[in-house]
Structures are given as C-alpha cells and as structure tokens.
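# Understanding the architecture of this molecule
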Amino acid sequence: RSPKAYANLVDRLLASPRYGERWAQHWLDVVRYAESDGFEYDTHRRDAWRYRDYVIHSFNSDKPYDRFIREQLAGDEIAPQNEEMRIAAGFHRLGALRKNAGNQEVASSRNEVLTEMTNIVGAAILGVTVGCARCHDHKFDPIRHTDYYRMEAFFAATHENDVPLSTAEQQTDWKQKYDAVQSEMKAIKKSMKGLEGPALTAMEKKYEAAESRLPEPLPALYSVANDNTKATPIHVLARGDWQNKGEAVGPRPLGVLLPDGTAEWKSDKPRSSLANWILDPEHPLTARVVVNRIWQYHFGRGIVGTPNDFGRMGARPSHPELLDYLAILSSQA
C-alpha cells in the first residue's frame, strides 16, 4: 500500500542479475550470437560464452550504449591488452563460418567473413539493409554499390585472433597428450585396412576409445586484431562475386550521410574511425535504432515496426515525434 511500492519494485527488478540476462538475450538475438559455426561442420565454439557474459555484465553495470557499441566495434584497437575489450571485439566473430575440407577457396571464405562483418553493422546498429548493395546499387534506399565496399574496407585488416588463456607450460603439456593420442589413432586406422566383420568392429571400438581420450581444447578468448600485412584489397565486386573484381576502394561511411565529395578515410585504427562516425550524436540513425528496439521489447512493437530496416521498404514510424524525442534524449544522456 506504500506510495513507493511500485518504484521499489522497479528498483528491485533493475538491481537483479536476471535483468542483464533478460536484456542480453535481446541483443544476442540481434547480433546473431551462436555457440557453433553453422554450415556443414557446425563446429562447437567452446568459448563463445565469454562474449555472452560480456553483454550480460554490460547491461547489469548500466554501461552507456555508445561505450557498449564502441567496445564491440573496436575494443582491440582501443585497449589491445585489456581482456574485456578483446572479448567485446569478438562481436566480429559471431557470424556463420564456413569450413571446407580439402581444396578450400581461401579468398571466397574470406569474402564471406567480410560480408558478415559489414552486414551486421548495418542491420544491428544502423537499422539499414546495407547488404542489399553487395551486388548492385540498393534497389530502394540511396546506398550505392561502391558504398557497400567502402564500408567493408573498414574491416580489410581485421582477422581472427584467438588469445590463449593458458600458460606456455600448459600448452606444451596439452600438445604432447594430443599428439600421443593422434599417433595412436593413426596406427589403429592403418591396421583397420583389409579387416572385415568382428575384427573390423573391434578395431573401430578401439579407435573410438582412443578418440575419447583426446584432451579438451585449452580455453581461449575469441577476438580479432588488425594485421596490415594481411589486409584484404577491397574491390567493388560485380554481383558480389569475389572473382569479378572492379575498382579498388578504401574506407568511407555511407555516402548519403556524408557531404558531397567526401574522400575515402585513412586511419591506423579503421574500426575506431567507423565507431566515431556511428556514435556521433548528430548521426540520424544510431540512437533512433536502439531506442526503437527498447520500445519494442517493452511494448511488443516498435515505434518503427521493422527494427532492422529503417529504409524505404521498412515500416513508417507510428509516432515520429516520439521517436525523435527519445533519440535526442538518449544522445544527450
């Protein structure tokens, strides 16, 4: 019956660790978090949970949204020795990853990785379908074919970086155990040739028993790092085909949001530059996209009913003044 009862209830719920877990789920869905690679092998990502816990902790600690996004886009550039920053940059590792056996087209796989990195920034943070411009000028929104690859160029030097969380002694010990079991498995497989019936079955069981003794992988931190020596030259690709290269391009955000004639950007920290542009308080999309998501999760439908698409083919805002008011308020916070 206290007049403060409702306020106390809200405070208690906000203080609960369950609050961060609940809201982290929404973000993890948006950024396509998974604990396996997808595609044919669908390899388990044993240490993906570190990114999940980073997101939960960020919500529970009331981390400002601009800092939250900056850490994910460029945590490894901001503080390369900071474990939390490197985990945050694992954002770029969340996409599906194709792993092929045998003769693998490395350039093709790399192109798919860069596509994943580029598309998710558009859909999750900017609320625009930049991926539609991968093959041609966007059919509905003012996003050029060249704009897509200029956005992709921000990630040209970005590569996987698994950071071991074990000592050199532990790694040496693990490798010795792993190599010993692998040698045993190869010997068993070799002895299986020509066997049939019960003899083959017995050797298969022996092989499985040996395989079960392979040591579990050592813990690692999934992150990314820039390597300019391995930077991918970015070309405009006709129809998105990595073998059909057009003009070479460098980093630059979407032209429709820049003054006419803006040159390509040069930076030794390209993703930090991208983050600065995305998080500029004057940016017309960033704040509107996130406040719309928050509204959607609270009330079941966003002010814009298509939270990943603020473009021409997306829904019109039901209350545009409200959306503007909330976006301006959040930018000033």
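Residues numbered from 1 in each chain as written. Predicted model: local features only at pLDDT ≥ 70, side-chain atom pairs only at ≥ 80, totals over all residues. Heavy atoms only, no water.

## Digging into empty space enclosed by the protein
The full count for this structure, using the stated rule, is 1 cavity of 30 Å³ or more. The calculated volume of the largest cavity comes to roughly 50 Å³. For the largest cavity, the full set of lining residues is A96, L97, R98, S109, E112, V113 and E116. Each residue belonging to the lining of the largest cavity can be placed in one class, and the counts come to 3 nonpolar, 1 polar and 3 charged. (1 Å grid on protein atoms, 1.4 Å probe; cavity = no way out; pocket = protein on both sides within 12 Å on 5 of 7 lines; lining within 4 Å. Points joined across faces, edges and corners; volume = space filled by probe spheres on them. Nonpolar A, V, L, I, M, F, W, Y, C, P; charged D, E, K, R; others polar.)

## Regarding the environment of P219
Mapping P219 onto the fold places it in the loop between α9 (197–211) and β2 (220–226). When its relative accessible area of 33% is taken as the criterion, P219 is described as partly exposed. The residues touching P219, leaving out its near neighbours within four places in the chain, are D47, R50, P164 and L165. (Helix = DSSP H or I, 4+ residues; strand = E, 2+ residues; numbered from the N terminus. Buried < 20%, exposed > 50% of the residue type's maximum accessible area, 1.4 Å probe, protein only. Contact = heavy atoms within 4.5 Å.)

## Here we look at the nonpolar core
Among the nonpolar cores identified, the biggest contains 59 residues, and V31, Y51, V55, L73, F91, V121 and I278 are the most heavily contacted of them. Tallying contributions element by element places helix α6 (residues 106–126) first for this core, with 7 residues. Not counting residues up to four positions away in its chain, the partners in contact with V121 are L73, F91, L126, M151, F155 and I278. M185, I188, M192 and M203 belong to the second largest nonpolar core, which has 6 residues in total. (Core = buried A, V, L, I, M, F, W, Y, C linked by side-chain atoms within 4.5 Å.)

## Some remarks on the packing of aromatic side chains
In the structure shown here, the tally under the stated rule is 13 aromatic pairs. Between Y65 and F68 the ring centres are 6.4 Å apart and the planes differ by 45 degrees, which places this aromatic pair in the tilted class. Of the two residues, Y65 and F68 both sit in helix α4 (residues 65–78), 3 residues apart, roughly one turn of that helix. Cluster of aromatic residues (ring-pair linked, three or more members): W27, Y33, Y51, Y54, F59, Y65 and F68. Note that R98 overlies the ring of F39, its terminal NZ or CZ placed 4.0 Å from the centroid. (Phe/Tyr/Trp six-rings, centres within 6.5 Å; stacked < 30°, edge-to-face > 60°. Lys NZ or Arg CZ within 6 Å of the ring centre and 35° of its normal.)

Take it as geometry only, folks, not as evidence of what the structure does.
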